[in-house]
Amino acid sequence: MQLSSLKALNAARAARQAAILITDLADAHDRVVVEGDAADGALGAEIAGRFRSGKSGAVEIDGRQLFLNVHLPPPRIMVIGAVHISQALYPMAAIAGYDMTIIDPRTAFATPERFSGVELIADWPEDVLSSRPLDRYSALVAVTHDPKIDDFAIAAALKAGCFYVGALGSRKTHAKRVERLMAQGFSEAEIARISAPVGIDIGAATPAEIAVATLADVIQAFRRRSLSVAGGEPA
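Residues numbered from 1 in each chain as written. Predicted model: local features only at pLDDT ≥ 70, side-chain atom pairs only at ≥ 80, totals over all residues. Heavy atoms only, no water.

(A) Up close: the packing of helix 5 (residues 147–160) against helix 6 (residues 171–183). Here helix 5 crosses helix 6 at 60 degrees, and the two axes come no closer than 11 Å. The orientation of helix 5 relative to helix 6 falls into the category oblique. Helix 5 and helix 6 meet at a crossing whose hand is right-handed. Where helix 5 abuts helix 6, its residues P147, D151, I154, A155 and L158 lie against R177, R180 and L181. (Axes fitted to C-alpha atoms, helices over the stretch in contact; angles between N-to-C directions. Helix = DSSP H or I, 4+ residues; strand = E, 2+ residues; numbered from the N terminus. Parallel < 35°, antiparallel > 145°, perpendicular 65-115°, else oblique. Left-handed = near helix turned anticlockwise from the far one by under 90°. Contact = heavy atoms within 4.5 Å.)

Here it is in structure tokens:
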């Protein structure tokens, strides 16, 4: 690997950016493509597919044998609310390969006894997210039913471009949430990214069922997320 490529990969990793190391197998020349720029043609389509799947592998593009080594930040789920849904969600999220953090300033709910084995932070979302900002590889799930706790995190997730933003609540509750977000300057298109009520509609009724529906929604959003990627012809 060329030193310039190593530096580019390390910078992407530090910034939690997805990157692909493209190596021409004929001459071992390599370069790094970072998610977020524009790409056209067969190579661009191949790169987009690799970013979605996270799978590395060899491919022939325009008669050239290339190896695409994919480096994705580990996807994570930030849950606002130490509630029964969160208790059911975190073991399933771990099985699916998602890191998960639960944030709730209500110390009566956010207790180690209720959430053994998961990262639990008993603090306000605005304080936590200021030092641990959300990003494109974060999913935000807000389940407290309390606007004083949920709203800041939802707004932060929309601004950060999180791949998934979900919020618990009835249609009436969400309508009021929409009004508050519009008052903050969010557009209808931005607000429409929120999955509310949270999760895929499978008729879920119990906390465990809602957790299943939520995780399924998160996985679907991650694997079908829209990408703009860098590309072009190998140098």
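(B) Geometry of the layout of surface pockets. Volume-wise, the largest pocket comes out at about 230 Å³. Along the wall of the largest pocket there are 14 residues; nearest its centre are P197, V198, G199, I200 and D201. Its residues assigned to classes, the lining of the largest pocket comprises nine nonpolar, three polar and two charged. (1 Å grid on protein atoms, 1.4 Å probe; cavity = no way out; pocket = protein on both sides within 12 Å on 5 of 7 lines; lining within 4 Å. Points joined across faces, edges and corners; volume = space filled by probe spheres on them. Nonpolar A, V, L, I, M, F, W, Y, C, P; charged D, E, K, R; others polar.)

(C) How the structure looks around the nonpolar core. Formed by 41 residues in total, the largest nonpolar core has its most connected members in I47, I77, V79, M100, I102, F163 and Y164. It is helix 8 (residues 207–223) that provides the largest number of residues to this core, a total of six residues. When residues no more than four places from it in sequence are discounted, the contact partners of I102 are V79, G81, A82, S86, Y90, F115, V118, E119, L120 and I121. (Core = buried A, V, L, I, M, F, W, Y, C linked by side-chain atoms within 4.5 Å. Buried < 20%, exposed > 50% of the residue type's maximum accessible area, 1.4 Å probe, protein only.)

(D) Representation of the pairing of strand 1 (residues 19–24). A large share of strand 1 lies buried, amounting to six of its six residues. Burial of the side chains of strand 1 extends over both faces: A19, L21 and T23 are buried on one face and I20, I22 and D24 on the other. Two strands pair when backbone bridges link them, and strand 1 and strand 2 (residues 30–34) are joined in this way by five bridges, in the antiparallel orientation. The residue of strand 2 that forms the bridge with L21 is V32. (Pairing = 2+ DSSP bridges.)

(E) Geometry of the environment of L43. Note that L43 resides in helix 2 (residues 41–53). The spatial distance from the C-alpha of L43 to the C-alpha of I61 is 6.5 Å, given a sequence separation of 18 residues.

(F) Structural view of the side chain of S5. Structurally, S5 can be placed in helix 1 (residues 3–14). For S5, the contacting residues outside a window of four places in its chain are L21, D30, R31 and V32.

(G) Structural view of unusual backbone geometry. Geometrically, the link from A196 to P197 is a cis peptide bond, its omega value of 0 degrees lying close to zero. At D62, a position not held by glycine, the phi torsion is positive, near 50 degrees. Of note, D62 is situated in the loop between strand 3 (57–61) and strand 4 (64–71). Within the chain, H145 stands out as a residue other than glycine whose phi angle is a positive 70 degrees. Within the secondary structure, H145 is located in the loop between strand 8 (138–142) and helix 5.

(H) Representation of the packing of aromatic side chains. Evaluated as defined, the whole model comprises four aromatic pairs. For the ring pair Y137 and F222, a centre distance of 6.0 Å and an interplane angle of 70 degrees mean the geometry is edge-to-face. Taken as a pair, Y137 in the loop between helix 4 (125–131) and strand 8 and F222 in helix 8 lie far apart in primary sequence, 85 residues in all. Put simply, the rings of Y98, Y137, F163 and F222 touch in pairs and so form one group of aromatic residues. Residue placement shows R106 over the ring face of F109; its charged tip is 4.4 Å from the ring centre. (Phe/Tyr/Trp six-rings, centres within 6.5 Å; stacked < 30°, edge-to-face > 60°. Lys NZ or Arg CZ within 6 Å of the ring centre and 35° of its normal.)

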